[in-house]
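What follows is each chain in one-letter form.
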Amino acid sequence: GDSVTQMEGPVTLSEEAFLTINCTYTATGYPSLFWYVQYPGEGLQLLLKATKADDKGSNKGFEATYRKETTSFHLEKGSVQVSDSAVYFCALRSASGGSYIPTFGRGTSLIVHP
Amino acid sequence: DGGITQSPKYLFRKEGQNVTLSCEQNLNHDAMYWYRQDPGQGLRLIYYSQIVNDFQKGDIAEGYSVSREKKESFPLTVTSAQKNPTAFYLCASSAGQHSNQPQHFGDGTRLSIL
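Regarding the interface of chain B and chain A
Listed by partner, the interface residues are 24 residues for chain B and 21 residues for chain A. Summed over both sides, the interface of chain B with chain A buries roughly 1800 Å², with 53% coming from carbon and sulfur. At the junction of chain B and chain A, the tally comes to 0 salt bridges. There are 6 residue pairs in polar contact (both at pLDDT 80 or more) connecting chain B and chain A. Only β4 (31–37), β5 (43–51) and β9 (87–94) of chain B provide two or more residues apiece to the side of chain B that touches chain A. The element best represented in the side of chain B that touches chain A is β5 of chain B, accounting for 4 residues. Broken down by class, the residue content of the side of chain B that touches chain A amounts to 9 nonpolar, 13 polar and 2 charged.

A few points about the side chain of S94 of chain B
In this fold, S94 of chain B is placed in strand β9. Since its relative accessible area comes to 0%, S94 of chain B is described here as buried. Here the side chain of S94 of chain B touches Y33 of chain B through a polar contact of 2.9 Å, side chain to side chain. When near neighbours in sequence (up to four residues on either side) are disregarded, S94 of chain B contacts R93 of chain A together with H29, D30, A31, Y33, P102 and Q103 of chain B.

A few points about the pairing of strand β6 (residues 44–50) of chain A
The side chains of a regular strand alternate between both faces of the sheet. Residue and element names in this part refer to chain A. Summarising the sheet, strand β5 (residues 32–38) and β6 pair through 6 bridges and their orientation is antiparallel. Considered in β6, the bridge of Y36 is made with L46. Between the antiparallel neighbours β5 and β6 lie 5 residues, among them G41 with a positive phi of about 75 degrees.

Examining the side chain of T79 of chain B
Assignment of secondary structure puts T79 of chain B in the loop between β8 (76–78) and β9. By relative accessible area, T79 of chain B is classed as buried at 17%.

A closer look at the sheet that holds β8 of chain B
Residue and element names in this part refer to chain B. Strand order in the open sheet formed by 4 strands is β1-β3-β8-β7, with antiparallel pairing between adjacent strands. The sheet is open, and its two edges are formed by β1 (4–7) and β7 (64–66), each paired on a single side. The average angle at which neighbouring strand axes cross in this sheet is 20 degrees, direction not considered. Sheet analysis places β7 next to β8, joined by 3 bridges and oriented antiparallel.

As for the confidence of the model for chain B
Summary statistics for chain B give a mean pLDDT of 93 and a share of 98% for residues scoring 70 or more. The weakest mean pLDDT in chain B belongs to strand β2 (residues 10–13) of chain B at 92; the strongest belongs to β7 of chain B at 98.

Section: the sheet that holds strand β8 (residues 62–65) of chain A
Residue and element names in this part refer to chain A. If you walk across this open sheet you meet the 4 strands as β3-β9-β8-β7, and the pairing is antiparallel. With one partner strand each, in any of the chains shown, β3 (19–21) and β7 (56–59) form the two edges of the open sheet. Taking the axes of each pair of neighbouring strands and ignoring which way they run, one obtains an average angle of 15 degrees across the sheet. Across 3 bridges, the pairing between β3 and strand β9 (residues 75–77) is antiparallel. Bridge assignment links T20 to a residue of β9, and that residue is E76.

Rules used throughout
- Residues numbered from 1 in each chain as written.
- Chains lettered and ligands numbered in written order.
- Predicted model: local features only at pLDDT ≥ 70, side-chain atom pairs only at ≥ 80, totals over all residues.
- Heavy atoms only, no water.
- Contact = heavy atoms within 4.5 Å.
- Buried area = accessible area lost by both parts, 1.4 Å probe.
- Salt bridge = Lys/Arg side-chain N within 4 Å of Asp/Glu carboxyl O.
- Polar contact = N/O pair within 3.5 Å; in protein donor to acceptor, adjacent residues only side chain to side chain.
- Helix = DSSP H or I, 4+ residues; strand = E, 2+ residues; numbered from the N terminus.
- Nonpolar A, V, L, I, M, F, W, Y, C, P; charged D, E, K, R; others polar.
- Buried < 20%, exposed > 50% of the residue type's maximum accessible area, 1.4 Å probe, protein only.
- Pairing = 2+ DSSP bridges.
- Axes fitted to C-alpha atoms, helices over the stretch in contact; angles between N-to-C directions.
- pLDDT = per-residue confidence, 0-100.

Structure, rendered in structure tokens:
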């Protein structure tokens, strides 16, 4: 079945550092890929998405490129802020078995220090 | 503004008691989902519904029940058969079986045992 693997956290950075959170996936067909962010005590919010190979999703300074050849969708940001501290989830949706039930990674906690 | 409303934000359950978590959406979405999130863990799918009057079990449906009598509403009942119900419960919706559509999440209900 489909699966998503994210790097283990927590990732701890100083403000203005470069961020990469790795995400790789296994899926049949051509999945759509998503990054969600969860702030403490809240639900998940869509951060960005990409629906086909070589698409780049971007939002609020975050970027991720759909790499079919490496089955990856790594999240990057050039300069993180304290307010970026949150848990980040990589997810996919595909037509596996005729269903589009989303598959989530386990989440990666990001802590940004001033 | 359109969105998903979960209530209550905090809920306490006594031994042997059933409790119901509310989830309402005004996004006109066909599909709705319930997830359970434990500390430091990812999301686990409890139930989902892709159309009114129909729903399917997810990965951890035992001890839970749902109904989908209206498009806008997808309440989750945590029954006394669920022996470890303490968790953060998230409701989500999406615009149906289209793989490029992201999910929208509520702000969650935190359930604890008295």
